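As a plain string of letters, each chain reads:
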Amino acid sequence: MPKRLTADQYIQGLRAHDRLVLSRAITLVESTLPADQALAQEVLAAVLPHTGHSVRVGITGVPGVGKSTFIEALGMHLVDEGHRLAVLAVDPTSQRSGGSILGDKTRMNQLAAHPQAFIRPSPAGRSLGGVARATREALLLCEAAGHDVIFVETVGVGQSETAVHGMVDFFLLLMLAGAGDELQGVKRGIMEMADAVVITKADSGNELAAKRARVEYQSALRLFPHATSGWAPVARTCSALSGEGVAGVWEEIGRYLALTQGNGYFGQRRQEQNLQWLQHSIREALEERFYARPEVAARLPELQQRVMSGQQSAFAAAAELLGLDGGA
Ligand SMILES: Nc1nc2c(ncn2[C@@H]2O[C@H](COP(=O)(O)OP(=O)(O)OP(=O)(O)O)[C@@H](O)[C@H]2O)c(=O)[nH]1
């Protein structure tokens, strides 16, 4: 098989819900080669009218909280209901050659084998900005290929959550009972982004602790300023092992959608997210062009030194470099 398909082959394959073509189209948007990028943009432009019709859910939580087990349990529930699910991962630290942790197919065996599910690990070896862009484009491709529920998974300890929050409709934070936020490395900012907090592993004698944690998180969530969506974030418990509470999480997402689609917030937020991505893309392209200039690359190290040692102000150094850029 040739490495690349033609734009038409990608477009037809996506419209035909061909998972192999979807996988190859995602590889294309992940590529940094200019020729691939041009082809990827052509494909994305053609399928754009067929995107946007899914529920986009961000799922985060520290390693070991049970993300993959939860995604497999909820995912199987969804495909049984007739949904077509795609699971994408955002993990800027992952190296695919070294075996990406997130989205690794071996973590979700049942789901990975299901014809209505599509699982994709994080693009490897890129900056957060690069990973986030590739994931957002992959999300659109999944929608074009008929997936009506998209999960975007992230590790829950760093910057990736903000990026993921900017591309989803609903943000789910998984937490363990009996461990403080500090212990779990979850930043207050991440709690603030959550539309729901789910206490995992509420089974095997852990039920009471989970219930207690749920009450604590519920009152913690009440302290945050009221969201413009009109939605009051909820805390729940679940066991991915027994299945208890898993469907309830989906029902909660359904309630959120009914509320925000009813009051117009859902569409408004999607528009805002699109606008943010435009601004983000402009910034990224400008920066890339700037640093790619040989004059800039040649002068940069010396100016960095001068700024560090206080010989020159950061502002003046930046002005000098931007002058070299010729206003590009
Ligand atoms: N008792 C119990 N154990 C669970 C449950 N869900 C996950 N586990 C266990 O918790 C451990 C971590 O689960 P994973 O699903 O791999 O967790 P993860 O958050 O995806 O972890 P990473 O792959 O490291 O990011 C595994 O040993 C699971 O078997 C649950 O509902 N109940």
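Residues numbered from 1 in each chain as written. Predicted model: local features only at pLDDT ≥ 70, side-chain atom pairs only at ≥ 80, totals over all residues. Heavy atoms only, no water.

1. Examining the confidence of the model for the protein
Overall, the predicted model of the protein reaches an average pLDDT of 89, with 90% of residues at or above 70. Taken as a whole, residues 96–103 scores under 50 in pLDDT and shows 26 contacts with residues more than four places along the chain or in a different chain. We note a pTM of 0.89 for the whole complex and an ipTM of 0.96 for its interfaces. (pLDDT = per-residue confidence, 0-100. Contact = heavy atoms within 4.5 Å.)

2. Regarding the site of the ligand
Near the ligand there are 15 residues, and of these Ser68, Thr69, Lys201, Asp203 and Ala240 occur at the shortest range. Here a nitrogen atom of the ligand sits 2.7 Å away from a polar atom, N or O, in the side chain of Asp203. Within the backbone of Ala240, an N or O atom sits 2.9 Å from an oxygen atom of the ligand. For the ligand, the protein covers 69% of the area, taking 640 Å² as the surface of the free molecule. Looking at side-chain class alone, the shell around the ligand contains 5 nonpolar, 6 polar and 4 charged residues. (Near = heavy atom within 4 Å. Polar contact = N/O pair within 3.5 Å; in protein donor to acceptor, adjacent residues only side chain to side chain. Areas by Shrake-Rupley, 256 points an atom, 1.4 Å probe, with all protein chains shown as cover. Nonpolar A, V, L, I, M, F, W, Y, C, P; charged D, E, K, R; others polar.)

3. Some points on the packing of aromatic side chains
Under the defined criterion, the tally for this structure stands at 4 aromatic pairs. Each member of the aromatic cluster is reached from another via a ring pair, and the members are Phe170, Trp231 and Tyr256. (Phe/Tyr/Trp six-rings, centres within 6.5 Å; stacked < 30°, edge-to-face > 60°.)

4. Here we look at helix α10 (residues 246–262)
In this model, α10 (17 residues) spans 25 Å end to end at C-alpha, consistent with the 24 Å of a helix rising 1.5 Å per residue. Along α10, the residues classified as buried are Val246, Gly248, Val249, Trp250, Glu252, Ile253, Tyr256, Leu257 and Thr260. (Helix = DSSP H or I, 4+ residues; strand = E, 2+ residues; numbered from the N terminus. Expected span 1.5 Å × (residues − 1). Buried < 20%, exposed > 50% of the residue type's maximum accessible area, 1.4 Å probe, protein only.)

5. Regarding the pattern of salt bridges
By the definition in use, this model includes 11 salt bridges. Where Glu30 meets Arg120, a salt bridge forms, and the shortest distance between an N and an O atom there is 3.2 Å. One end of the pair, Glu30, is in helix α2 (residues 19–30); the other, Arg120, is in strand β3 (residues 117–120), and 90 residues separate them in sequence. Relative accessible area serves as the criterion here: at 12%, Glu30 is assigned to the buried category. Across the pair Asp169 and Arg270 runs a salt bridge whose closest N-O atoms are separated by 2.7 Å. With Asp169 in the loop between α7 (160–165) and β5 (170–175) and Arg270 in helix α11 (residues 265–292), this pair connects stretches of sequence that are 101 residues apart. Asp169 gets classed as buried once you look at its relative accessible area, which sits at 5%. In the salt-bridge network here, residues are joined through shared partners; they are Arg133, Glu137 and Glu284. (Salt bridge = Lys/Arg side-chain N within 4 Å of Asp/Glu carboxyl O.)

6. So, a nonpolar patch on the surface
A cluster of nonpolar residues, Leu275, Leu278, Ile282 and Leu286, forms a patch on the protein surface that exposes about 370 Å² of accessible area. Of note, Leu286 is situated in helix α11. (Patch = residues over 30% accessible without salt bridge, like charges linked within 9 Å, V, L, I, M, F, W, Y side chains within 5 Å.)

7. Some details on the domain arrangement of the protein
Split into domains, the protein comes out as domain 1 (1–50) and domain 2 (51–262). In this assembly, 20 residues from domain 1 lie in contact with 25 residues from domain 2. Ranking the residues of domain 1 by area buried against domain 2 places Arg19, Leu22 and Glu30 at the top, with a combined share of 32%. Where domain 1 touches domain 2, the interface holds 1 salt bridge. Our count for the domain 1 to domain 2 interface comes out at 8 residue pairs in polar contact (both at pLDDT 80 or more). (Domains from an automatic or database assignment. Buried area = accessible area lost by both parts, 1.4 Å probe.)

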